Structure formats: C-alpha cells, structure tokens
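Here's the letter readout for the chains.
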Amino acid sequence: DAGITQSPRHKVTETGTPVTLRCHQTENHRYMYWYRQDPGHGLRLIHYSYGVKDTDKGEVSDGYSVSRSKTEDFLLTLESATSSQTSVYFCASRSSGNTIYFGEGSWLTVV
Amino acid sequence: EDQVTQSPEALRLQEGESSSLNCSYTVSGLRGLFWYRQDPGKGPEFLFTLYSAGEEKEKERLKATLTKKESFLHITAPKPEDSATYLCAATLISNFGNEKLTFGTGTRLTIIP
C-alpha cells in the first residue's frame, strides 16, 4: 500500500470548464501515473512522471495536462472538459520494488 | 501492436469449484506480468508480479503462473469473497525504468454460495 489519496473522489462538471484532480502519496515514490478506466477499454495511461517537474505522455494524453511540483503530489488537469472525458481516473505510484500501487479513484462526470 | 488479452470476460463458479483465468500477451519483450484484483468502486489491488517463464506465485487460494505467451491465475476452492474483477497487466523491456503498464480488460469473477 503506497498511501495514495485522490481528491476529489466524485465530481460533476459542465462541458468546457477546467477540472483538476489531485493525487497525493506518502511513500516518497519517484514514479507516478494517471490512468483512466472505461468499460471495454480497461485501464489506459494518460500521463506519467519520473520525478519533480519530469513528466511524459501516455497513450491517451490528448486534452490532459499534468504537473508535479513536489514528489508527493501529481496533478491531472482537464483544460476544457468534454463529455468523452467522463470516466474513472486512477492515480498510481511505483515502489522501489517495482510494484505499482493504485489509489481509490476519482469519478468524473462531464455534463 | 502490444496487447494484453484476458479471457473469459466473465466467469461464474459455485463456491469450491476451481478454475483458471487466462491472460495472453503479444508484446515485444516482456519485462513483467502483473495481476491485480479490483472490487466495485475501488482501485486495483496488487496481487502478483511474474518476471520469467516458469515462475509461479501463490497467495491463499490464488496461484499465478507464467509461460512465454500467457499467464494463468488459478483459483482453488473459491469462496464468495473472491468475487471481483481480476486484471492482468504487462510492462515491457522498452519501458524499463518507466514501468508503464499495459492492461487487459479484466475477467469478472462471481462465486456463488
């Protein structure tokens, strides 16, 4: 367990509004990830970070940006939310033993 | 294209009825194969990592095995509390250091009392 907390856990927002999801981990893990989970697609990587201020794109990064100003925090921003971004978002971090642990998820609905 | 495919999509078993879940992968250089359990409304919970063909790992009623093309999650004498979605994921040698996971879509397991 990597002590990962996500906030908010549930959010409803309107199309075109910006949204930021926060991920906080307490284990000082270097690598952190944002995934989204949708029926029929499984978990897909949005962005990941390999250190403070070091980030890279995953397979479904369009419409998303991330920032990591501290080791423990990894933010996911939807600059202008669209209905296709309605999903469950999971943050994860990697331990020194190469195990990837997940948070409890953030349910986002864009109406 | 690198892919991870799980079968069956859903499986219903009577309590005590043993079975296996399959995860096949077509990736260019497997570095690790992960199994997770996910309960409704929760995040994936880590179960096992397998790194080389022939490797096996066990935890309670679960045993994971790995060959060069697939992995199996064997469940022996399951109980209703084993009901969950089981996810398989792979990391690639090309991702060494980043350890990005490519997931299958999961097998939804239901154990009937």
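Our structure's up above, just so we're on the same page.
Since we're looking at a predicted model, the values are computed, not measured. Along each chain, residues carry numbers from 1 onward, in the same order as the chain's sequence is written. Ligands are numbered from 1 and chains lettered from A, in the order in which they are written. Restriction of local features to residues with pLDDT of at least 70 applies here, the model being predicted, together with a cutoff of 80 or more for giving and counting side-chain atom pairs; totals for whole chains, interfaces and linings are based on all residues. Hydrogens and water are ignored here; the side-chain numbers use all heavy atoms of the structure.

Undergrad: Any chance you could explain the interface of chain A and chain B here in plain terms?
TA: If you look at the interface, chain A gives 22 residues, while chain B gives 20 residues. The contact between chain A and chain B buries some 1600 Å² in all, and 54% of this surface belongs to carbon and sulfur atoms. Note on definitions: salt bridges are taken to be side-chain nitrogens of Lys or Arg within 4 Å of carboxyl oxygens of Asp or Glu. Summed over the shared surface of chain A and chain B, the result is one salt bridge. Lys42(B) is the partner of Glu104(A) in a salt bridge, and the nearest nitrogen-oxygen pair spans 3.8 Å. Whenever two N or O atoms come within 3.5 Å, that pair is a polar contact, provided that in protein one can donate a hydrogen and the other can accept it, and provided that, for residues adjacent in sequence, both atoms are side-chain atoms. Taken together, the links from chain A to chain B amount to three residue pairs in polar contact (both at pLDDT 80 or more). Sorting the residues of the side of chain A that touches chain B by element identifies strand S4 (32–38), strand S5 (42–51), strand S9 (87–94) and strand S10 (100–102) of chain A as the ones contributing at least two each. Numbering of helices and strands starts at the N terminus; helices are DSSP runs of H or I of at least 4 residues and strands are runs of E of at least 2. Among the elements that make up the side of chain A that touches chain B, the one with the highest residue count is S5(A) (four residues). Within the side of chain A that touches chain B, the residues separate by chemical class into eleven nonpolar, eight polar and three charged. The contact criterion used is simple: two residues touch if any of their non-hydrogen atoms lie within 4.5 Å. As used here, buried area is the combined drop in accessible area, with a 1.4 Å probe, of two parts when they are placed together. Residues are grouped as follows: Ala, Val, Leu, Ile, Met, Phe, Trp, Tyr, Cys and Pro are nonpolar; Asp, Glu, Lys and Arg are charged; every other residue, Gly included, is polar.

Undergrad: Please clarify how the state of the cysteines should be interpreted in this entry.
TA: Each disulfide is one covalent bond, formed between the sulfur atoms of two cysteines. Two cysteine sulfur atoms form a disulfide, by the criterion used here, when they sit within 2.5 Å. Summed over the entire model, instances satisfying the criterion amount to two disulfides over all chains. Put simply, Cys23(A) and Cys91(A) are joined by a disulfide, and their sulfur atoms are 1.8 Å apart. Taking the sign of the S-S torsion, about -75 degrees here, the bridge from Cys23(A) to Cys91(A) comes out left-handed. Of this pair, Cys23(A) sits in strand S3 (residues 19–25) while Cys91(A) sits in strand S9, and the two are 68 residues apart along the sequence. Cys91(A) matches Cys23(A) in its accessibility class, with the two residues each being buried. For Cys23(B), the disulfide goes to Cys88(B), at an S-S distance of 1.8 Å. Here the disulfide of Cys23(B) and Cys88(B) is left-handed, its torsion about the S-S bond being about -55 degrees. The classification of residues rests on relative accessible area computed with a 1.4 Å probe and restricted to protein chains. Under 20% of the type maximum is buried, over 50% is exposed, and intermediate values are partly exposed.

Undergrad: Explanation requested: the sheet that holds strand S1 (residues 4–7) of chain A in the structure shown.
TA: For sheets, the rule is that strands pair by backbone hydrogen bonds, running either parallel or antiparallel. Residue and element names in this part refer to chain A. One requirement defines pairing of two strands: DSSP has to find at least two bridges between them. If you trace the four strands from one edge of the open sheet to the other, you get S1-S3-S8-S7, paired in antiparallel fashion. Two strands close off the open sheet at either side, each with one partner strand: S1 and strand S7 (64–70). Across this sheet, the average inter-strand angle for adjacent strands is 20 degrees, counted without regard to direction. As paired elements, S3 and strand S8 (residues 73–78) share six bridges and run antiparallel to each other. An axis is simply a line fitted to the C-alpha atoms; with a helix, the fit covers only the stretch in contact. Between two such axes, the angle follows the N-to-C directions and lies from 0 to 180 degrees.

Undergrad: It is not clear to me how the pairing of strand S1 (residues 3–7) of chain B should be interpreted in this structure. Could you clarify?
TA: Successive side chains on a regular strand alternate, one facing one side of the sheet and the next facing the other. All names here are of chain B. On S1, burial follows the alternation: Val4 and Gln6 on one face are buried, whereas Gln3, Thr5 and Ser7 on the facing-out side are not. The sheet contact formed by S1 and strand S3 (residues 19–26) spans five bridges and is antiparallel. In the strand pairing of S3, Gln6 is matched with Cys23.

Undergrad: Before we go on, may I ask you to explain the environment of Thr55(A) in this structure?
TA: All names here are of chain A. Within the secondary structure layout, Thr55 lies in strand S6 (residues 54–57). With a relative accessible area of 31%, Thr55 lands in the partly exposed category. Each C-alpha atom of the pair Thr55 and Leu43 lies 19 Å from the other, and the pair is twelve residues apart in sequence. When near neighbours in sequence (up to four residues on either side) are disregarded, Thr55 contacts Tyr48, Ser49, Tyr50, Val66 and Phe74.

Undergrad: Would you mind going over the environment of Thr13(A) with me for this structure?
TA: All names here are of chain A. Its location among the elements puts Thr13 in strand S2 (residues 10–13). Thr13 sits in the buried class, given a relative accessible area of 9%. A sequence separation of 25 residues divides Thr13 from Asp38, and the C-alpha atoms of the two residues are 18 Å apart. Within the local environment of Thr13, its side chain forms a polar contact with the side chain of Thr17, the two groups lying 2.5 Å apart.

Undergrad: What is the right way to read the nonpolar core from this model?
TA: In summary, soluble globular proteins display a tendency toward joint burial of nonpolar side chains. Residues and elements named next belong to chain B. If you look at the biggest cluster of nonpolar residues, it comprises 25 residues, and the most contacted ones within it are Leu33, Trp35, Leu73 and Tyr86. When residues of this core are assigned to their parent elements, the largest contribution, five residues, is made by strand S9 (residues 84–92). Excluding anything up to four places from it in sequence, Leu73 contacts Ser19, Ser20, Leu21, Trp35, Phe48, Leu62, Lys63, Ala64 and Tyr86. Grouping buried Ala, Val, Leu, Ile, Met, Phe, Trp, Tyr and Cys residues that are joined through side-chain atoms within 4.5 Å yields what is termed a nonpolar core.

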